[in-house]
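Given next are the chains, with one letter for each unit.
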Amino acid sequence: MAVENSYDIIIIGTGAGGATLAWRLAPSGKRILLLERGDFLPREQDNWDSHAVFVEAKYQAKEPWLDKDGKEFFPGIHYFVGGNTKFYGAALFRLREEDFGELRHAGGISPAWPLGYDAFEPYYTEAERLYHVHGRRGADPTEPPSSAPFTYPPVSHEPRIAQLSSDLTRLGYHPYPLPLGILLDEEGGQVSRHSACIRCRAFDGFPCITNGKADAQIICVEPMLAERPNVTLLTGAYVERLETSNSGREVTKVRVQRGGAAETYSASIVVVACGAINSAALLLRSANEKHRDGLANRSGVVGRHYLRHQNTALMAISLEPNPTVFQKTLALADFYFGSDDWKNPLGMIQMLGKSDGAMLHGEAPGWASWIPEMSFEEMAAHSVDFWLSSEDLPDPDNRVTLDRNGRIVLRLKETNVEAHERLIAKWKSLLGRLGFRERLIPRQLYLSKRIPIAGTAHQAGTIRFGADPTESALDVFCKAHDLDNLYVVDGSFFPSIGAVNPALTIMANALRVGDHLLERLK
């Protein structure tokens, strides 16, 4: 297909937001251009190699960013068609209904959204169906109301995780099946020969060779390219800046570097969906005479209020071996809004993918001396792995800026730390009653004791939406207050992040904004 220069819609980024929006708009017949700075991720044996993925970081962007002290780090970010969904764990939660209102935390206030849960509910239902979310309604005591059951049944537990679920229930807690976006067909724990997912160990944090993970490429991009001739995808297309009309009210040109050459595209509607950090950076480096502080930044909030959760990955050593292969099947939300000894929200606990000896060998310098009598292989054989998330709170000084050379600077100060430490302590106190050693081993690199600044998987909040243009960059449909044709549909729009993975909310919002754009394009 010949590449034109003018389109009805340009969408920059093919991750959870951009690809889902394009999928919604594609049936309209409008000419849509998808711009992706990466390429298709190669399907190769290293996709499932722990050393290649976690130790060598083979697929991670080789792009140094700076922290607040000017120290370089390499973010855990991936530039491919499908964005970071190629590597996500596909845990697709709804925010709780209360997360859309103002919530008081030990560390401060989580602000209310300009729209309530009801505005998102039908789109959550549709996003769950689109991304093949497997789950069970009614098992999570904090789950919000829903208009329909899950289309797909929950992913079954293997025996060790089933035992953990039973033990938690015996102690009075409410474990439930982790809602997973997965192309899995199983019955009675047996995988069908027609199933794309084969329940292998290389799911959480790995790209999937069999295309069994419900990522944005597999669910949205590839079907569109096969069925919708009005959709064009350009890979290796890095968007340098957006230019506006003389009035400053419209984006008129999208400046791209592709294959070493400069290219320019235009569209009636321009949508930014690069991820919260890169989207903010794009708007900031697009500053001009009418927008001296960056596009959509009259309020000064672009790049500010960066959110990414308080995250901890913990590996517990079970007294009995854990032969589980596909471990990521269980979640616990009993402490989401507090506990018997703490009135403020604590957070969410969920399973992680199973450790193996190669991963632990790469992580060893941080903690191996704690249990010197165990080999890496023995530790992996007995490990059970958990991911703990607590809400971090918006702080205007947690922000994305650019240095004089245009490099991304990410300033980060942890917020709401006490709640997270209490969640960790609460979980540790339970594990001794569940057949684990008392000691928990914090994991390093991709999964660390406290996920470092390079851990950008849950990024949100840098271009927040709201009704007041003096305090937000986007309106309630995620259109820039200051520009008539610029939208943002990744996690940037979040005013707060709750304590659950943000991907499903990004997908649901993209469908919601898509319906708005379909009406506008009429």
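A word on empty space enclosed by the protein. Per the stated rule, a full pass over the model turns up seven cavities of 30 Å³ or more. Space inside the largest cavity adds up to approximately 130 Å³. Lining the largest cavity we find 15 residues, and of these Arg96, Arg137, Glu143, Phe150 and Pro179 sit closest to its centre. Each residue belonging to the lining of the largest cavity can be placed in one class, and the counts come to seven nonpolar, one polar and seven charged.

A word on helix α4 (residues 159–170). Taking 1.5 Å per residue as the helical rise, α4 with its 12 residues ought to reach 16 Å, and the 16 Å between its terminal C-alpha atoms agrees with that figure. Restricting attention to buried positions, one finds in α4 the residues Arg160, Ile161, Leu164, Ser165, Asp167 and Leu168. Down the axis of α4, the smallest arc covering the buried residues is 165°, so these residues share one side. Projecting away from the buried face of α4 at angles above 90 degrees are the exposed residues Pro159 and Arg170.

Positioned with a positive phi, Arg199 is a non-glycine residue whose angle comes to about 60°. By the element assignment, Arg199 lies in the loop between β11 (190–191) and α5 (216–227). In the Ramachandran plot, His309 falls in the positive-phi region, its phi being about 70° despite a non-glycine side chain. Topologically, His309 is positioned in the loop between α6 (276–285) and β16 (310–318).

Per the stated rule, a full pass over the model turns up zero disulfides. Cys197 takes part in no disulfide bond, and the closest cysteine sulfur, belonging to Cys200, lies 6.6 Å away. Free of any disulfide, Cys200 has its nearest cysteine sulfur in Cys208, 6.1 Å distant. Overall, the relative accessible area of 16% leaves Cys200 in the buried class.

Moving on, we come to the pattern of salt bridges. Enumeration over the complete set of coordinates arrives at 30 salt bridges. Of the charged contacts in the structure, one is a salt bridge between Asp356 and Arg201, with a shortest N-O distance of 3.0 Å. Placement of Asp356 in the loop between β18 (348–351) and α7 (357–363) and of Arg201 in the loop between β11 and α5 is noted, with a sequence separation of 155 residues between them. Overlapping salt bridges, with partners in common, bring together Arg94, Glu121, Glu128 and Arg137 in one network.

Bringing α6 into the picture now. Most of α6 is tucked away, with nine of its 10 residues classed as buried. The complete set of buried residues in α6 reads Ala276, Ile277, Asn278, Ser279, Ala280, Ala281, Leu282, Leu283 and Leu284.

To describe a pair of aromatic rings, one takes the distance between the centres and the angle between the planes. Within the structure shown, the criterion is met by 20 aromatic pairs. Judged by centre distance (5.7 Å) and plane angle (85°), the ring pair of Trp113 and Phe120 falls under edge-to-face. Taking the relative accessible area as the measure of exposure, Trp113 reaches 6% and is therefore buried. With centroids separated by 5.6 Å and ring planes inclined at 85°, the aromatic side chains of Trp113 and Phe493 adopt a geometry described as edge-to-face. Here Trp113, found in the loop between β6 (108–110) and α3 (117–130), pairs with Phe493, found in the loop between β23 (486–488) and α10 (503–521); they are 380 residues apart in sequence, far enough to count as distant. Accessibility assignment for this pair places Trp113 and Phe493 in one class, buried. Aromatic rings pair up to connect Phe100, Trp113, Tyr117, Phe120, Tyr124, Phe465, Phe493 and Phe494 into one cluster.

Residue placement: Val272 occurs in strand β15 (residues 261–272). Between the C-alpha atom of Val272 and that of Asn47, which follows or precedes it by 225 residues, the distance is 28 Å. Beyond its immediate chain neighbours, meaning those up to four positions away, Val272 contacts Ile12, Leu242, Ser279, Leu282, Leu283, Leu486, Tyr487, Val488, Val489 and Asp490.

Next up on the list: the packing of helix α1 (residues 16–25) against α10. Geometrically, a packed helix pair is captured by the angle between its two axes and the distance between the axes. At a closest axis distance of 8 Å, the pairing of α1 and α10 adopts a crossing angle of 40°. With respect to α10, the element α1 is oriented oblique. For the element pair α1 and α10, the recorded crossing hand is right-handed. Of α10, the residues touching α1 (which contributes Ala16, Gly17, Thr20, Leu21, Trp23, Arg24 and Leu25) are Ile506, Met507, Ala510, Leu511, Val513, Gly514, Asp515, Leu517 and Leu518. Per-class residue counts for the contact of α1 with α10 are 11 nonpolar, three polar and two charged.

For the chain, the mean per-residue pLDDT works out to 93, and 94% of the residues sit at or above 70. Long-range and interchain partners of residues 444–448, a stretch whose pLDDT sits below 50, account for 18 contacts in this model, where long-range means more than four residues apart.

Here Tyr131 shows up in the loop between α3 and β7 (133–134). When the C-alpha positions of Tyr131 and Phe326 are compared, they lie 19 Å apart, and in sequence the two are 195 residues distant. Setting aside residues no more than four positions away along its own chain, Tyr131 makes contact with Ala16, Thr20, Tyr88, Leu92, Gly181, Ile182, Ala214, Asp215, Ala216, Ile219, Cys220 and Met507. Here Thr20 takes part through its side chain, which lies 2.7 Å from a polar atom of the side chain of Tyr131.

What follows deals with the pairing of strand β19 (residues 383–390). Burial analysis of β19 places eight of its eight residues in the buried class, the great majority of the element. Judged by which residues are buried, β19 turns out to be covered on both faces: Ser383, Asp385, Trp387 and Ser389 on one side and Val384, Phe386, Leu388 and Ser390 on the other are all buried. Where β16 meets β19, eight bridges bridge the pair, whose relative direction is antiparallel. Residue pairing in the sheet places Ala313 in a bridge with Trp387 of β19. Bridge count for β18 against β19 is four bridges, and the pairing is antiparallel. Residue pairing for β19: Met351 is matched across the bridge by Phe386.

Attention now moves to the nonpolar core. Core analysis: the biggest nonpolar cluster contains 120 residues, and Ile12, Leu35, Tyr131, Leu242 and Leu486 have the highest contact counts within it. Ranked by residues supplied to this core, first place goes to α10 with 10 residues. Once you skip the residues sitting within four places of it in the chain, Leu35 turns out to touch Ile10, Ile11, Ile12, Gly13, Leu234, Ala237, Val239, Val254 and Val256. Of all hydrophobic cores here, the second largest spans 22 residues; its members include Val384, Phe386, Ile424 and Leu430.

Criteria and thresholds
- Residues numbered from 1 in each chain as written.
- Predicted model: local features only at pLDDT ≥ 70, side-chain atom pairs only at ≥ 80, totals over all residues.
- Heavy atoms only, no water.
- 1 Å grid on protein atoms, 1.4 Å probe; cavity = no way out; pocket = protein on both sides within 12 Å on 5 of 7 lines; lining within 4 Å.
- Points joined across faces, edges and corners; volume = space filled by probe spheres on them.
- Nonpolar A, V, L, I, M, F, W, Y, C, P; charged D, E, K, R; others polar.
- Helix = DSSP H or I, 4+ residues; strand = E, 2+ residues; numbered from the N terminus.
- Expected span 1.5 Å × (residues − 1).
- Buried < 20%, exposed > 50% of the residue type's maximum accessible area, 1.4 Å probe, protein only.
- Arc of directions from axis to C-beta.
- Disulfide = S-S within 2.5 Å.
- Salt bridge = Lys/Arg side-chain N within 4 Å of Asp/Glu carboxyl O.
- Phe/Tyr/Trp six-rings, centres within 6.5 Å; stacked < 30°, edge-to-face > 60°.
- Contact = heavy atoms within 4.5 Å.
- Axes fitted to C-alpha atoms, helices over the stretch in contact; angles between N-to-C directions.
- Parallel < 35°, antiparallel > 145°, perpendicular 65-115°, else oblique.
- Left-handed = near helix turned anticlockwise from the far one by under 90°.
- pLDDT = per-residue confidence, 0-100.
- Polar contact = N/O pair within 3.5 Å; in protein donor to acceptor, adjacent residues only side chain to side chain.
- Pairing = 2+ DSSP bridges.
- Core = buried A, V, L, I, M, F, W, Y, C linked by side-chain atoms within 4.5 Å.

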